[in-house]
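# Observations on chain architecture
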Amino acid sequence: MIQRFRMSRRALAAAATTAALTLALAACGSGSSSGKGHDSGMAGMDHSAMPSPSSPAGDMASMPGMDPASTGNGLAAAEDGYRMTSTAATLPAGRATEYRFTITGPDGKPVTAFAVDQTKRMHFYAIRSDLTGFQHLHPTMAADGTWTAPSAALRPGAWRLYASFTPASGAGRGKNFVLSRTVKVPGRAMTSALPKPAGTATVDGYTVTVQGDPMAGMAHQLTATVTKGGKPVTDLQPYLDTYAHLTAFHQGDLAFAHLHPETMADGGHGGPTLTFHAEFARSGNWRLFLQFQTGGRLHTASLTLHVG
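A brief report on the enclosed structure follows.

Thresholds applied
- Residues numbered from 1 in each chain as written.
- Predicted model: local features only at pLDDT ≥ 70, side-chain atom pairs only at ≥ 80, totals over all residues.
- Heavy atoms only, no water.
- Core = buried A, V, L, I, M, F, W, Y, C linked by side-chain atoms within 4.5 Å.
- Buried < 20%, exposed > 50% of the residue type's maximum accessible area, 1.4 Å probe, protein only.
- Helix = DSSP H or I, 4+ residues; strand = E, 2+ residues; numbered from the N terminus.
- Contact = heavy atoms within 4.5 Å.
- Pairing = 2+ DSSP bridges.
- Axes fitted to C-alpha atoms, helices over the stretch in contact; angles between N-to-C directions.
- Salt bridge = Lys/Arg side-chain N within 4 Å of Asp/Glu carboxyl O.
- Phe/Tyr/Trp six-rings, centres within 6.5 Å; stacked < 30°, edge-to-face > 60°.

Quick look at the nonpolar core now. Counting 30 residues, the largest nonpolar core has Phe280, Trp286, Leu288, Leu290 and Phe292 as its most contacted members. Contributing elements (two or more residues each) for this core: strand S10 (200–203), strand S11 (206–211), strand S12 (219–228), strand S14 (245–250), strand S16 (273–279), strand S17 (284–294) and strand S18 (297–307). Once residues within four sequence positions are removed from consideration, phenylalanine 292 is found in contact with Val203, Tyr206, Val208, Val226, Leu236, Tyr243, Ala244, Arg297, Leu298 and His299. In terms of nonpolar packing, the next biggest core, distinct from the first, is built from 24 residues, Tyr82, Ala88, Val111 and Ala163 among them.

Two orientations exist for strands paired in a sheet by backbone hydrogen bonds: parallel and antiparallel. Taken in spatial order, the three strands make up an open sheet running S14-S17-S18, and their pairing is antiparallel. Strands with a single pairing partner mark the edges of an open sheet, and in this sheet they are S14 and S18. The average angle at which neighbouring strand axes cross in this sheet is 20°, direction not considered. Note that S17 and S18 share 11 bridges and pair antiparallel. Counted as the bridge partner of phenylalanine 292 is histidine 299 from S18.

In spatial order, the strands read S5-S4-S8-S9; together these four strands make up an open sheet with antiparallel pairing. Edge positions in the sheet fall to strand S5 (135–137) and strand S9 (177–185), since each of these pairs with one other strand and no more. Going across the sheet, the axis of each strand differs from the next one's by a mean of 20°, ignoring polarity. Pairing analysis gives three bridges linking strand S4 (residues 123–128) to S5, with the strands arranged antiparallel. Following the sheet pairing, tyrosine 125 is matched in S5 by histidine 136.

Of all the 11 residues making up S17, 10 are buried; the element is thus mostly covered by neighbouring parts of the structure. Across six bridges, the pairing between S14 and S17 is antiparallel. Residue pairing in the sheet places leucine 246 in a bridge with leucine 290 of S17. Connecting the antiparallel pair S17 and S18 is a turn made up of two residues, with glycine 295 showing a positive phi of about 55°.

A few words now on the pattern of salt bridges. Throughout the structure, instances matching the rule amount to six salt bridges. For aspartate 130, the salt bridge is made with arginine 128, and the minimal N-O distance between the two is 2.6 Å. The partner of aspartate 253 in a salt bridge is arginine 282, and the shortest N-O contact between them spans 2.6 Å. Taken together, the residues span a long stretch of sequence, with aspartate 253 in the loop between S14 and strand S15 (258–261) and arginine 282 in the loop between S16 and S17 at a distance of 29 residues. Classification of arginine 282 as buried rests on a relative accessible area of 16%.

Looking at the secondary structure, you find threonine 102 in strand S3 (residues 97–104). Residue class for threonine 102 comes out buried when judged on its relative accessible area of 13%. Once residues within four sequence positions are removed from consideration, threonine 102 is found in contact with Arg83, Met84, Thr85, Pro110, Gly145 and Thr146.

With that out of the way, let us pick up the packing of aromatic side chains. By the definition in use, this model includes 17 aromatic pairs. Geometrically, the ring pair formed by phenylalanine 114 and tryptophan 147 is edge-to-face, given 5.4 Å between the ring centres and 80° between the ring planes. Placement of phenylalanine 114 in the loop between S3 and S4 and of tryptophan 147 in strand S7 (residues 146–151) is noted, with a sequence separation of 33 residues between them. This pair shows no difference in class: phenylalanine 114 is buried, exactly as tryptophan 147 is. Plain terms: the ring middles of tyrosine 125 and phenylalanine 256 are 5.4 Å apart, the flat faces sit at 50° to each other, and that makes the pair tilted. Of this pair, tyrosine 125 sits in strand S4 while phenylalanine 256 sits in the loop between S14 and S15, and the two are 131 residues apart along the sequence. Taken together, Tyr125, Phe134, Tyr162, Phe249, Phe256 and Phe289 form an aromatic cluster joined through their ring pairs.

The next thing to look at is unusual backbone geometry. Proline 272 follows glycine 271 through a cis peptide bond whose omega is 0°. Here proline 272 lies in the loop between S15 and S16. In the Ramachandran plot, aspartate 80 falls in the positive-phi region, its phi being about 50° despite a non-glycine side chain. If you trace the backbone, aspartate 80 turns up in the loop between strand S1 (78–79) and strand S2 (82–85). A relative accessible area of 52% means that aspartate 80 is categorised as exposed. Even without being glycine, leucine 254 reaches a positive phi, approximately 65°. The topology assignment puts leucine 254 in the loop between S14 and S15.

Here it is in structure tokens:
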């Protein structure tokens, strides 16, 4: 910054000298002169940079590389006065653990009144920096507003943890928030390459096909079809008030996509086709996780979707 400041001073001094010379020439009756504009933009600013997971307590609001436009995409620990707080900066590897956090409101006090969304007052997600290890949990809240999310074993590496909720009172009443923090799981981190974009994925003998042509910054409809052995699956059981739940994260910055089911549960059996209202804030590759239930068992299919 000091070098840039000095360069800027030299540039301004040069510009001032040029201007004075031009005026002097004009006063002496010389011809007109023209100049080119100077680009004052700062080079090297990468707003999509992944914030360091080693910052204190994983508070993303204070980390470098944060783009103000990321607000609402789950990449900040605070929004509109609401904050996700936690004292945990690390979690153990290789065994089930618990993550405790609190949502505080604009008054700084813990929020305890939350609206029910898809049968739950809080949806909690965990994803590793390489978009593996996805977990969708439903934590429990103590009387003092402390939430506890019982996480399955985590592999070493950097993880981002998201809290999706809607206050039932206060300034943010009725608004959906997605806030997040990062934690580090110590140990040797072995990363996995993101699978190439594909329209289908298989899990537990089921094939999930996702269709749609989403564009960044625009609302689109995604359609998911579930088959087994080439035949349509029509025995999907209700799961969170619908027949499937869809979550997506952006490759690179792990932005959270807002995907809402348009096919609500109506009876004990559903399928094979489900529709979702999708909004992707950024172009690029997104990792999708589709959860559905059959025979009392929850299945999670994952695939990579490219957004233009």
